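Now for the letters of each chain:
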Amino acid sequence: MRLVHSGASNQDIAEALSISIGTVKLHISAILKRTNARNRTEASRLCFG
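Residues numbered from 1 in each chain as written. Predicted model: local features only at pLDDT ≥ 70, side-chain atom pairs only at ≥ 80, totals over all residues. Heavy atoms only, no water.

Right, let's talk about the packing of helix α3 (residues 21-35) against helix α4 (residues 40-48) for a bit. Axis separation between α3 and α4 bottoms out at 10 Å; the angle between their running directions is 60 degrees. Here the hand of the crossing between α3 and α4 comes out left-handed. Here Ile28, Ile31, Leu32 and Thr35 of α3 come into contact with α4, specifically with Arg40, Ala43 and Leu46. Here the contact of α3 with α4 is built from residues that sort into 5 nonpolar, 1 polar and 1 charged. (Axes fitted to C-alpha atoms, helices over the stretch in contact; angles between N-to-C directions. Helix = DSSP H or I, 4+ residues; strand = E, 2+ residues; numbered from the N terminus. Left-handed = near helix turned anticlockwise from the far one by under 90°. Contact = heavy atoms within 4.5 Å. Nonpolar A, V, L, I, M, F, W, Y, C, P; charged D, E, K, R; others polar.)

A word on the environment of isoleucine 21. Relative to the assigned elements, isoleucine 21 resides in helix α3. Excluding its chain neighbours within four sequence positions, the residues that come into contact with isoleucine 21 are Asn10, Gln11 and Ala14.

Our focus in this paragraph is a nonpolar patch on the surface. Residues Leu3, Leu17 and Ile19 make up a contiguous nonpolar surface patch of roughly 220 Å² in combined accessible area. Locating leucine 17 in the fold gives a position in helix α2 (residues 10-17). (Patch = residues over 30% accessible without salt bridge, like charges linked within 9 Å, V, L, I, M, F, W, Y side chains within 5 Å. Areas by Shrake-Rupley, 256 points an atom, 1.4 Å probe, with all protein chains shown as cover. Salt bridge = Lys/Arg side-chain N within 4 Å of Asp/Glu carboxyl O.)

The next point concerns the packing of α2 against α3. Each packed pair of helices is defined by two parameters, the angle between the axes and the distance between the axes. Two numbers describe how α2 lies on α3: the axes approach to 8 Å, and their chain directions differ by 110 degrees. Between α2 and α3, the crossing angle belongs to the class labelled roughly perpendicular. Of the residues in α3, those in contact with Asn10, Gln11, Ile13 and Ala14 of α2 are Ile21, Val24, Lys25 and Ile28. Among the residues making up the contact of α2 with α3, the classes are represented as 5 nonpolar, 2 polar and 1 charged. (Parallel < 35°, antiparallel > 145°, perpendicular 65-115°, else oblique.)

To continue, consider unusual backbone geometry. One non-glycine residue, serine 18, adopts positive backbone phi at about 55 degrees. Within the secondary structure, serine 18 sits in the loop between α2 and α3. Positive phi outside glycine occurs at asparagine 36, with the angle close to 60 degrees. With respect to the element layout, asparagine 36 can be found in the loop between α3 and α4.

Rendered as structure tokens:
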């Protein structure tokens, strides 16, 4: 979530964490579901105020 909060794209996150873009999308989707956020920006606000 720190990378999402900083404005990193899925590609940037995948490269930073040495994982596939598909894995990034899966994790972000899970975060959105758990936080009931509608998008990355809302999830970021919920996690970091």
